[in-house]
Amino acid sequence: MPSLLVRNATMLVTMDDQRQEIPDGGFFAEDGVIRQVGPSETLPDDADEVINASGAIVVPGLVNTHHHLYQTLTRAYAQDAPLFGWLQTLYPVWARMTPGAIRTGTQTGIAELLLSGCTTTSDHLYLFPNGSRLDDSIEGAMELGIRFHATRGSMSIGESDGGLPPDSLVEREEAILKDSQRLVETYHDPSDGARLRVALAPCSPFSVSRDLMRETAVLARSLGVGLHTHLAENVEDILYSEEKFGLRPGAYAEELGWTGPDVWHAHCVQLNHDEISLFAHTGTGVAHCPCSNMRLGSGIAPVRQMVDAGVKVGLGVDGSASNDSGHLLAETRQAMLLQRVMLGAEGLKVREALELATLGGARVLNRQDIGALKPGLQADCAVFPLTGLAHAGAEIDPVAALLLCQPVNASTTIVGGDVLVRDGQLTRLDQQKLIERHKAHSIRLINGE
């Protein structure tokens, strides 16, 4: 039974029920599961893998609840467009993607996440040109070892039927449902410690029919998997919903069976008080994506109100074509600062933001086995060095320094006891070769080759 010992951390942030923060802390794990947490002197003396976290802060692995990993291929595109215009500019470019491009884009996005201390990520892939399948991103993700929630996205209403995407990128609804079932039956692992889970994820109210939303919810629940989509992202989104359906997004979701503890919605920037209450009492989750919302001018999501009402809220970096970065620690800092812009200096505190990025994300993804460092949970953690220039003078509070100072990369990222980042470098992939492959695919996409 392989063992792991992490010790000598300047501070170990547990996110356990008491929210303990342990100076000179660490944990001991066997077979990928934490067995003991506490001051380093109370832990075993040795293990198969020993990580000396001296001069660093150790936190539970960060959880990313919303991403479009393929979008790493088209960063810095449609630079000044709001959501609908941004999508319409990029759809023709994404239509040129190949299976190899999606696999490489996925791996690039995951590499970026791992280096930022992220150990679990969701991915929303909703277009499948040129023979591409969700399998392409799943295979790429599994090679890197991250905990992966692959969501089978879809678009079925093209421009000719009043939708936003071009007709060439939509699929037949029968084919979508059939492939959704295939993917769940092939890949989904519901067990504790699972590295791979599948959820079903029609793209948005402006790209799929009511029937597909309704039938997808029925299928997902028959298969025991989650549901994910975009909702209430900006004012255009609200106007579209009211014009096409005569309903605000919250009521639209409720009517179609898209509320409940197995559902999480991305963005929710424009939710009103009644919709927040609906999400709270139904256990519906929200993936908050502050950088993307700012980049597209979508607004500031009412995260403080959601959290106070009891809504499950996690963080998402969103696609790297609307954020242009996939650094989850930086996203956590931005979430904290953005609420302060709207509500004042106490709008969202440091430890509240860090909780959204760990426990909050785990709850949104319905994971009871991650999100904290305590016995019985998976040995997922990130080690962030505090000895560099960015943290000079911040010795008073290492936890606050992690978010208030310049975000740094993790020196070590561990998933299920496996070291996936060591000394700031990926352990399962050659980063430079990945960058070269990614650049070649990106140039071909942009140039229309």
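All values derive from a computational prediction rather than experimental measurement.

Enquirer: Can you help me understand the overall build of the protein chain in this one?
Expert: Along the protein chain, the regular secondary structure elements total 14 helices and 17 strands. What you see for the protein chain is a C-alpha radius of gyration of 21 Å, in line with the 22 Å of a compact globule of 449 residues. Contacts spanning at least 24 positions in sequence make up 75% of the contacts within the protein chain whose residues lie at least 6 apart. Split by element, the accessible area of the protein chain, about 16100 Å² in all, is 49% carbon and sulfur. Taking the 35 positively charged and 56 negatively charged side chains of the protein chain as two groups, their mean positions are separated by 2 Å.

Enquirer: Would you take a moment to explain helix H14 (residues 431-447) for this structure?
Expert: Since the α-helix turns once every 3.6 residues, residues separated by three or four places project in the same direction. The end-to-end C-alpha distance of H14 is 24 Å, a good match for the 24 Å that 17 residues give at a rise of 1.5 Å each. For H14, the secondary structure elements touched by its buried residues are helix H1 (83-94) and helix H2 (99-115). Structurally, the start of H14 carries an N-cap: the backbone nitrogen of glutamine 432 is 3.0 Å from a side-chain oxygen of aspartate 430. Of the residues flanking the end of H14, it is glycine 448, one or two places downstream, whose phi is positive at about 70 degrees.

Enquirer: Can you walk me through the state of the cysteines in this structure?
Expert: Note: disulfide means a covalent bond formed between the sulfur atoms of two cysteine side chains. One pass over the full model with this rule turns up 0 disulfides. Unpaired in this structure, cysteine 203 has its nearest cysteine sulfur neighbour in cysteine 289, at a distance of 13 Å. Not engaged in a disulfide, the cysteine cysteine 381 finds its nearest cysteine sulfur in cysteine 118; these two sulfurs lie 13 Å apart.

Enquirer: Hey, could you run me through empty space enclosed by the protein in this one?
Expert: Sizing a probe to match a water molecule and rolling it over the atoms shows the empty space that remains. Enumeration according to the criterion identifies 2 cavities of 30 Å³ or more in this entry. Here the largest cavity is characterised by a volume of approximately 110 Å³. Looking at the largest cavity, it is lined by 17 residues, and the ones nearest its centre are Leu83, Trp86, Leu87, His230 and Glu233. No other element matches H1, which puts 4 residues into the lining of the largest cavity. When grouped by side-chain class, the residues that make up the lining of the largest cavity number 8 nonpolar, 7 polar and 2 charged. Empty space within the second largest cavity amounts to approximately 30 Å³. Every residue along the wall of the second largest cavity is listed here: Arg152, Ser154, Ile176, Leu177, Ser180, Leu200, Ala201, Pro202 and Thr216. For the lining of the second largest cavity, the secondary-structure elements that each account for two or more residues are strand E8 (147-154), helix H4 (173-187) and strand E9 (196-202). The class makeup of the residues in the lining of the second largest cavity is 5 nonpolar, 3 polar and 1 charged.

Enquirer: Hey, could you run me through the pairing of strand E10 (residues 227-231) in this one?
Expert: Residues in a regular strand point their side chains to alternate faces of the sheet. Within E10, 5 of the 5 residues are buried, which leaves it mostly tucked inside the rest of the structure. Covered by surrounding structure in E10 are Leu227, Thr229 and Leu231 together with His228 and His230, the residues of both alternating faces. Bridge count between E10 and strand E11 (residues 263-267): 5 bridges; the pairing is parallel. Directly across from histidine 230, in E11, lies its bridge partner alanine 266.

Enquirer: Sorry, what's going on with the pairing of strand E3 (residues 33-39) here?
Expert: Where strand E2 (residues 21-30) meets E3, 6 bridges bridge the pair, whose relative direction is antiparallel. Pairing of alanine 29 across the sheet is with isoleucine 34, part of E3. Count of turn residues in the E2/E3 antiparallel hairpin: 2 residues, of which aspartate 31 carries a positive phi of about 55 degrees.

Enquirer: How should the pattern of salt bridges be read in this particular structure?
Expert: Opposite charge on two side chains allows them to pair when their charged atoms are near. Taken as a whole and judged by the stated rule, the model has 27 salt bridges. A single network of salt bridges, built from pairs that share partners, joins Arg133, Asp135, Arg152, Glu171, Asp179 and Arg182.

Enquirer: Explanation requested: the packing of aromatic side chains in the structure shown.
Expert: Each aromatic ring pair is specified by the distance between its two centres and by the angle formed by the two planes. Scanning all chains against the criterion turns up 9 aromatic pairs. Pairing tyrosine 70 with tyrosine 126 gives two aromatic rings, centres 6.1 Å apart and planes at 80 degrees, and the pair type is edge-to-face. Of this pair, tyrosine 70 sits in the loop between strand E6 (62-64) and H1 while tyrosine 126 sits in the loop between strand E7 (118-125) and helix H3 (134-144), and the two are 56 residues apart along the sequence. Of the two residues examined, tyrosine 70 and tyrosine 126, each falls in the buried class. Note on phenylalanine 245 and tyrosine 252: the rings are 4.2 Å apart at their centroids and 20 degrees apart in plane angle, and the pair reads as stacked. For the pair phenylalanine 245 and tyrosine 252, a shared accessibility class is recorded, and that class is buried.

Enquirer: Sorry if this is basic, but what is going on with the side chain of asparagine 234 here?
Expert: As for its position among the elements, asparagine 234 is in the loop between E10 and helix H6 (235-245). Judged by its relative accessible area of 5%, asparagine 234 is buried. Polar side-chain contacts of asparagine 234 include one of 2.8 Å to the backbone nitrogen of aspartate 237. In contact with asparagine 234, other than residues within four places in its own chain, are Leu83, Gln270 and Ser298.

Enquirer: Whenever I open this one, the nonpolar core confuses me. Can you help?
Expert: Looking at soluble globular proteins, one finds that nonpolar side chains tend to be buried together. If you look at the biggest cluster of nonpolar residues, it comprises 115 residues, and the most contacted ones within it are Trp86, Trp94 and Phe384. Considering each element in turn, this core owes the most residues, 8 residues, to H1. Look past the residues within four positions of phenylalanine 384 in its chain and what remains in contact with it is Ala56, Ile57, Val59, Leu62, Ser116, Gly117, Leu329, Leu402, Val408, Asn409 and Ala410.

Enquirer: Help me understand the environment of valine 311, please; the structure alone is not making it clear to me.
Expert: Counting through the fold element by element, valine 311 comes out in the loop between helix H10 (303-309) and strand E13 (312-315). Each C-alpha atom of the pair valine 311 and glycine 360 lies 9.8 Å from the other, and the pair is 49 residues apart in sequence. When sequence neighbours within four positions are dropped, the list of residues in contact with valine 311 reads Ile276, Phe279, Ala280, Thr284, Val286 and Met306.

Enquirer: So what exactly am I meant to see when it comes to the layout of surface pockets here?
Expert: The computed volume of the largest pocket comes to approximately 270 Å³. Of all the elements in the fold, those that place two or more residues in the lining of the largest pocket are E9 and E11. Per-element accounting of the lining of the largest pocket gives the leading share, 3 residues, to E9. Looking at the lining of the largest pocket, its residues break down into 8 nonpolar, 6 polar and 5 charged. Quantified by volume, the second largest pocket comes out at close to 210 Å³. For the lining of the second largest pocket, the secondary structure elements donating two or more residues are E13 and helix H12 (350-364). When residues of the lining of the second largest pocket are assigned to their parent elements, the largest contribution, 5 residues, is made by H12. By residue class, the composition of the lining of the second largest pocket is 5 nonpolar, 2 polar and 4 charged.

The rules behind the values
- Residues numbered from 1 in each chain as written.
- Predicted model: local features only at pLDDT ≥ 70, side-chain atom pairs only at ≥ 80, totals over all residues.
- Heavy atoms only, no water.
- Helix = DSSP H or I, 4+ residues; strand = E, 2+ residues; numbered from the N terminus.
- Rg over C-alpha atoms; globule rule 2.2 N^0.38 Å.
- Contact = heavy atoms within 4.5 Å.
- Areas by Shrake-Rupley, 256 points an atom, 1.4 Å probe, with all protein chains shown as cover.
- Lys, Arg positive; Asp, Glu negative; His and termini not counted.
- Charge placed at Lys NZ, Arg CZ, Asp CG, Glu CD.
- Expected span 1.5 Å × (residues − 1).
- Polar contact = N/O pair within 3.5 Å; in protein donor to acceptor, adjacent residues only side chain to side chain.
- Disulfide = S-S within 2.5 Å.
- 1 Å grid on protein atoms, 1.4 Å probe; cavity = no way out; pocket = protein on both sides within 12 Å on 5 of 7 lines; lining within 4 Å.
- Points joined across faces, edges and corners; volume = space filled by probe spheres on them.
- Nonpolar A, V, L, I, M, F, W, Y, C, P; charged D, E, K, R; others polar.
- Buried < 20%, exposed > 50% of the residue type's maximum accessible area, 1.4 Å probe, protein only.
- Pairing = 2+ DSSP bridges.
- Salt bridge = Lys/Arg side-chain N within 4 Å of Asp/Glu carboxyl O.
- Phe/Tyr/Trp six-rings, centres within 6.5 Å; stacked < 30°, edge-to-face > 60°.
- Core = buried A, V, L, I, M, F, W, Y, C linked by side-chain atoms within 4.5 Å.

Any functional reading would require information that these geometric values do not contain.
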